[in-house]
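# Secondary and tertiary structure notes
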Amino acid sequence: MNIERKVDRMRIGILGTGNMGYAIGKGLQLAGYGITVYNRSDRNVSELKSGGAHVAESVHELAKESDLVIIAVKPKDILGVIRENCDYLEGKTVVSIAAGVSLQSLRVASENKATMARVMPNTPALISKGVYGVVSDGLDQELRESIVKLFSSIGEAYLITEEDIHGFISIAGSSPAYIFMFMEALADAGVRMGIKRADAYDIVADTLIGSAMLYKKTKEHPGALKDMVTSPKGTTIEAVRILEEKGFRTAVIEGALAAGLKSREMEAKDK
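Given the structure is predicted, the values throughout are model-derived calculations rather than measurements.

Cut-off values and rules
Residues numbered from 1 in each chain as written. Predicted model: local features only at pLDDT ≥ 70, side-chain atom pairs only at ≥ 80, totals over all residues. Heavy atoms only, no water. Helix = DSSP H or I, 4+ residues; strand = E, 2+ residues; numbered from the N terminus. Buried < 20%, exposed > 50% of the residue type's maximum accessible area, 1.4 Å probe, protein only. Contact = heavy atoms within 4.5 Å. Areas by Shrake-Rupley, 256 points an atom, 1.4 Å probe, with all protein chains shown as cover. Lys, Arg positive; Asp, Glu negative; His and termini not counted. Charge placed at Lys NZ, Arg CZ, Asp CG, Glu CD. Pairing = 2+ DSSP bridges. Axes fitted to C-alpha atoms, helices over the stretch in contact; angles between N-to-C directions. Parallel < 35°, antiparallel > 145°, perpendicular 65-115°, else oblique. Left-handed = near helix turned anticlockwise from the far one by under 90°. Nonpolar A, V, L, I, M, F, W, Y, C, P; charged D, E, K, R; others polar. Patch = residues over 30% accessible without salt bridge, like charges linked within 9 Å, V, L, I, M, F, W, Y side chains within 5 Å. Salt bridge = Lys/Arg side-chain N within 4 Å of Asp/Glu carboxyl O. Right-handed = clockwise from strand over helix to strand, strands pointing away. Core = buried A, V, L, I, M, F, W, Y, C linked by side-chain atoms within 4.5 Å.

## Quick look at the overall build of the protein
- Of the regular secondary structure elements, the protein holds 13 helices and eight strands.
- For the protein, buried positions account for 41% of its 271 residues.
- A sequence separation of at least 24 residues applies to 60% of the contacts in the protein between residues at least 6 apart.
- As displayed, the protein has an accessible area near 15300 Å², and 56% of this comes from carbon and sulfur atoms.
- Computing the positive centroid from 34 side-chain charges and the negative centroid from 35, the protein places the two 2 Å apart.

Following this line, the structure appears as C-alpha cells:
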C-alpha cells in the first residue's frame, strides 16, 4: 500500500491549541495539511484559522471530521477529556502528546473504543523542524508507518518503545529549553566582549545550526569534531578547560536525567 497517499487522505484533528498543539498545527499547515482544531478558549485558534484551519464548535464535531485526533491538552486533563468524549472518539486513531500518561491509561479512559498512540514532540514543530518519538507499542505496521510519515512531514520522527519515552523526553522533548539556555548564555558572553545582543543571538544560532549539520553530514564522533577546533595552546582549549572545571558535562547529563526521571515518576503515579 502507498503509505504517503494514505497519510495525504487522512483527516487530521487537533484537540487543544496551547503551545504544543499550536506548534504541531502550524507545522502541519506549513507542510500542506488541512486541519480541524478545537479549543475551549480562543488561544491560538485565530492564528490557525487564518492559516486555513477549520475551527470545530465541539469535540464531537472535531472527531466527526477527523480520522486521526491529536490530543494536546495538559497531562493532568487528558484522561478526563478522553473519558468525557470516548463515544465521539470511537473508531478513531487518537494520538496523545502528554508526558507521564501511559498507553494503558489512555486505552482504559477510552474504554478501548479508539486506537491509542503516543507521540512525544518538541517545539521546533512550529517551523516543521520538530523531533518526534513515535511509540510503536501495540500499533499495526500500516498505522505505525502512517503516523511516522505524518510527523516526518514536520521534522524527524523516530520509532521508540513506551519505555524509551522517558529517555526521549530527556534528550529531545525537554531539551530545546536547555539548548536555548545555552544559546542565551553564549550570547551573553558575546555581549560581554562587545558584540551587539541581536547580532550575538544570530551568530550563536547560526553556529549551532552549522555544528549540528556538520555532525549530520559527517557522522564523526562529537569528540572528534570538538578536537578539530581545539588547537594546542589555543583559545578553544581554554574555554573547554573552564567548562570542564565548572562541571559543564555533568550539569547537562544530570539536568537531562532529571527530566527523564520526572517523566518516569509521573507515569508511575498515573498507574
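## Comments concerning the sheet that holds strand β7 (residues 130–135)
- In spatial order, the strands read β3-β2-β1-β4-β5-β6-β7-β8; together these eight strands make up an open sheet with mixed pairing. Among the strands making up the open sheet, the edge pair consists of β3 (54–55) and β8 (155–160).
- Note that strand β5 (residues 93–96) and strand β6 (residues 115–120) share four bridges and pair parallel. Across the sheet, the residue bridging to Val95 is Ala117, located in β6.
- Across the sheet, helix α2 (residues 19–30) touches β1 (12–15), β2 (35–38) and β4 (68–71), and the angle it forms with β1 is around 160°.

## Let's talk about the packing of helix α9 (residues 175–192) against helix α10 (residues 197–218)
- For the pair α9 and α10, the least separation of the axes is 9 Å and the interaxial angle reads 130°. In terms of orientation, α9 and α10 fall into the oblique class. Relative to α10, the crossing made by α9 is right-handed. Facing Ile179, Phe182, Met183, Glu184, Leu186, Ala187, Asp188 and Val191 of α9, the residues of α10 in contact are Arg197, Ala200, Tyr201, Val204, Ala205 and Leu208.
- Classifying every residue of the contact of α9 with α10 by side-chain character gives eleven nonpolar, no polar and three charged.

## Notes on a nonpolar patch on the surface
- Together, Phe182, Leu186, Leu243, Phe248 and Val252 give the surface a local cluster of nonpolar side chains, amounting to about 400 Å² of exposed area.
- Of all the elements in the fold, those that place two or more residues in the nonpolar patch are α9 and α13 (248–270).

## Details of the pairing of β6
- Summarising burial for β6: five of the six residues are buried, a large majority.
- Read as a crossover between parallel neighbours, the route from β5 over helix α6 (residues 103–109) to β6 is right-handed.
- By the bridge criterion, three bridges tie β6 to β7 in an arrangement that is antiparallel. Its bridge partner being in β7, Val119 is matched across the sheet by Val134.

## Observations regarding the pattern of salt bridges
- For the coordinates displayed, the defined rule picks out 13 salt bridges.
- We note a salt bridge from Arg249 to Glu244, for which the minimum N-O separation is 2.7 Å.
- Overall, Arg249 belongs to the partly exposed group, its relative accessible area being 46%.
- Residues Lys262 and Glu265 are paired through a salt bridge, measuring 3.5 Å at the closest nitrogen-oxygen approach. With a gap of three residues between them, Lys262 and Glu265 both fall in helix α13, about one helical turn apart.
- Assessed through its relative accessible area of 36%, Glu265 is described here as partly exposed.
- Among the charged side chains, a salt-bridge network with shared partners connects Asp87, Glu111 and Lys113.

## Concerning the nonpolar core
- Counting residues in hydrophobic clusters, the biggest one holds 31 residues, and the most contacted among them are Ile24, Leu28, Ile70, Ile147 and Phe151.
- Secondary structure elements with two or more residues in this core: β1, α2, β2, β4, β6, β7 and α7 (141–152).
- Among residues more than four places away in sequence, those in contact with Ile70 are Ile12, Gly13, Ile14, Leu15, Ile24, Leu28, Val95, Ile97 and Phe151.
- Grouped together as the second largest cluster of nonpolar side chains are 29 residues, Tyr38, Ala56, Ile165 and Phe168 included.

## A short note on the packing of helix α8 (residues 165–173) against α9
- With their axes 6 Å apart at the nearest point, α8 and α9 run at an angle of 30° to one another. The angle between the axes of α8 and α9 places the two elements in the roughly parallel class. Residues Ile169, Ser170, Ile171, Ala172 and Gly173 of α8 touch α9, and the partners they reach there are Ser175, Pro176 and Tyr178.
- A per-class count over the contact of α8 with α9 returns five nonpolar, three polar and no charged.

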